[in-house]
Amino acid sequence: MVPDDKACVRGLMPEGEADMAEILASPSRGEALAVGDATPLPTGFQVYPPGPPPSSSDAPLSESWRTGPDDLDVADIIDHWWKQTR
């Protein structure tokens, strides 16, 4: 884990367990860490992809964030937002 990632994880952990983030290795793909009131101790676990994968026609999220639509007018969206119109 890079220092910024560890700082983010440390900020999410309960105060008494924040130094646990320092001993975390870099997680592999599909590994997750559960922290908070519902878990007595931070718990690492593996999340496996579903098999078969969902048959979805959604746009790939990572691709959508990078490229976005060509006709997106952010200034117009913000203007409508401030005016509370559609």
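## Focus: the overall build of the protein
Then, in step 1: When helices and strands are tallied, the protein shows three helices and two strands.
Then, in step 2: Starting at the N terminus, the α and β elements of the protein follow one another as α-β-β-α-α.
Then, in step 3: Within the protein, the proportion of its 86 residues that are buried is 10%.

## A few points about the packing of aromatic side chains
Then, in step 1: The tally for this structure, following the rule as stated, stands at one aromatic pair.
Then, in step 2: Note on W81 and W82: the rings are 5.5 Å apart at their centroids and 55° apart in plane angle, and the pair reads as tilted. There is no split in this pair, since W81 and W82 are both exposed.

## Topic: the pattern of salt bridges
Then, in step 1: Counted by the stated rule, this structure contains one salt bridge.
Then, in step 2: With a shortest N-O distance of 3.2 Å, K83 and D79 are connected by a salt bridge. Placement of the pair is K83 and D79 together in helix α3 (residues 74-83), with a separation of four residues, close to one helical turn.
Then, in step 3: A relative accessible area of 53% means that K83 is categorised as exposed.

## Regarding the confidence of the model for the protein
Then, in step 1: Of all residues in the protein, 78% attain a pLDDT of 70 or more, and the chain-wide mean is 76.
Then, in step 2: Within the protein, the element-level pLDDT minimum falls on helix α2 (residues 61-67), averaging 71, and the maximum on α3, averaging 89.

## Topic: the environment of R29
Then, in step 1: Within the element layout of this structure, R29 appears in the loop between α1 (3-12) and β1 (31-34).
Then, in step 2: Judged by relative accessible area, which is 81%, R29 ranks as exposed.
Then, in step 3: Put simply, R29 and V47 are 18 residues apart on the chain and 8.7 Å apart in space, counted from C-alpha to C-alpha.

## Remarks on a nonpolar patch on the surface
Then, in step 1: A cluster of nonpolar side chains, L72, V74, I77, I78, W81 and W82, forms an exposed patch at the surface whose accessible area comes to about 700 Å².
Then, in step 2: Assessed through its relative accessible area of 66%, W82 is described here as exposed.

Analysis parameters
Residue indices follow the written sequence of each chain, beginning from 1 at its first position. Selection of residues for local features in this predicted model requires a pLDDT of at least 70, selection of side-chain atom pairs for listing and counting requires 80 or more, and totals for whole chains, interfaces and linings are taken over all residues. Only hydrogens and water are set aside when side-chain values are computed; all heavy atoms of the structure are taken into account. A helix here means a DSSP run of H or I that spans at least four residues, while a strand means a run of E at least two residues long, and both kinds are numbered starting from the N terminus. Three labels apply to residues, based on accessible area from a 1.4 Å probe with only protein chains included: buried if under 20% of the type maximum, exposed if over 50%, partly exposed otherwise in between. Pairs were defined over the aromatic rings of Phe, Tyr and Trp, the Trp ring being its six-membered one, requiring ring centres within 6.5 Å. Orientation was assigned from the angle between planes: stacked under 30 degrees, edge-to-face over 60, tilted for the rest. Here a salt bridge means any side-chain nitrogen of Lys or Arg lying within 4 Å of a carboxyl oxygen belonging to Asp or Glu. Each residue gets a pLDDT score, which is the predictor's confidence in that residue and runs from 0 to 100. A patch is a set of surface residues, each over 30% in relative accessible area and not in a salt bridge, joined within 9 Å for like charges and within 5 Å for the nonpolar side chains Val, Leu, Ile, Met, Phe, Trp and Tyr. Throughout, the Shrake-Rupley method with a 1.4 Å probe supplies accessible areas, and for residues the shown protein chains are the sole cover considered.

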